[in-house]
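# Commentary on secondary and tertiary structure
Take a look at the letters that make up each chain.
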Amino acid sequence: MKKLSICIPSYNRSDLLISQLEFLRAEIFPFSTEIEIIVADNCSSDEHRNKIIDYHNIHKSDFELKLNPINLGSIGNIYFLLENANSEYVWFLSDDDVLVPGILK
């Protein structure tokens, strides 16, 4: 079991999500054995979903991608992520949150 799950619900904001994941990739490197990242796409449009899938295909080992077949709503997507987390702690992070370098230290 991991120490922390970073759970990111997303809907139709692939560019923001990918930017957030790029930031997290660098931040998590020293803690990669203790942290998992789970993204739940809440049935985004094909344009956004395909961008996320393409990014995931390149960076599969960096995060787990869940693709909801229907839009569960904001709260439903958060519950979905919580059910899929396998860690002692969970941090819900929005795809548009602005984080500062060193936040995980």
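Since this is a predicted model, take the numbers as computed values, not measurements.

## Brief notes about helix H2 (residues 46-58)
Here H2 spans 18 Å end to end across 13 residues, near enough to the 18 Å set by a 1.5 Å rise per residue. Three or more residues of H2 are buried, namely His-48, Arg-49, Ile-52, Tyr-55 and His-56. Viewed along the axis of H2, the buried residues span an arc of 130°, placing them on a single side of the element. Exposed residues lying more than 90 degrees from the buried face of H2 are Asp-46, Glu-47 and Ile-58. Check the buried side of H2 and you find it contacts helix H1 (14-28), strand E2 (35-41) and strand E3 (64-67).

## What to know about the sheet that holds E2
A sheet is described by the order of its strands in space; here four strands give the open sequence E3-E2-E1-E4, paired in parallel fashion. At either margin of the open sheet sits one strand with a lone partner, and together these are E3 and strand E4 (87-92). Strand after strand, the sheet turns through a mean of 25° between neighbouring axes, direction not considered. Of the pairings in the sheet, the one linking strand E1 (residues 2-10) to E4 comprises five bridges and is parallel in character. Looking across to E4, one finds that Lys-2 is bridged to Ser-87.

## Details of unusual backbone geometry
A positive phi is found at Asn-12, a non-glycine position, where the angle reads about 55°. Here Asn-12 is to be found in the loop between E1 and H1. Among the residues examined, Asn-12 registers a relative accessible area of 25% and is labelled partly exposed. A positive phi angle, near 65°, is found at Cys-43, a position not held by glycine. Along the polypeptide, Cys-43 turns up in the loop between E2 and H2.

Calculation criteria
Residues numbered from 1 in each chain as written. Predicted model: local features only at pLDDT ≥ 70, side-chain atom pairs only at ≥ 80, totals over all residues. Heavy atoms only, no water. Helix = DSSP H or I, 4+ residues; strand = E, 2+ residues; numbered from the N terminus. Expected span 1.5 Å × (residues − 1). Buried < 20%, exposed > 50% of the residue type's maximum accessible area, 1.4 Å probe, protein only. Arc of directions from axis to C-beta. Contact = heavy atoms within 4.5 Å. Pairing = 2+ DSSP bridges. Axes fitted to C-alpha atoms, helices over the stretch in contact; angles between N-to-C directions.

In short, the description is geometric, and any link to function would need to be established separately.
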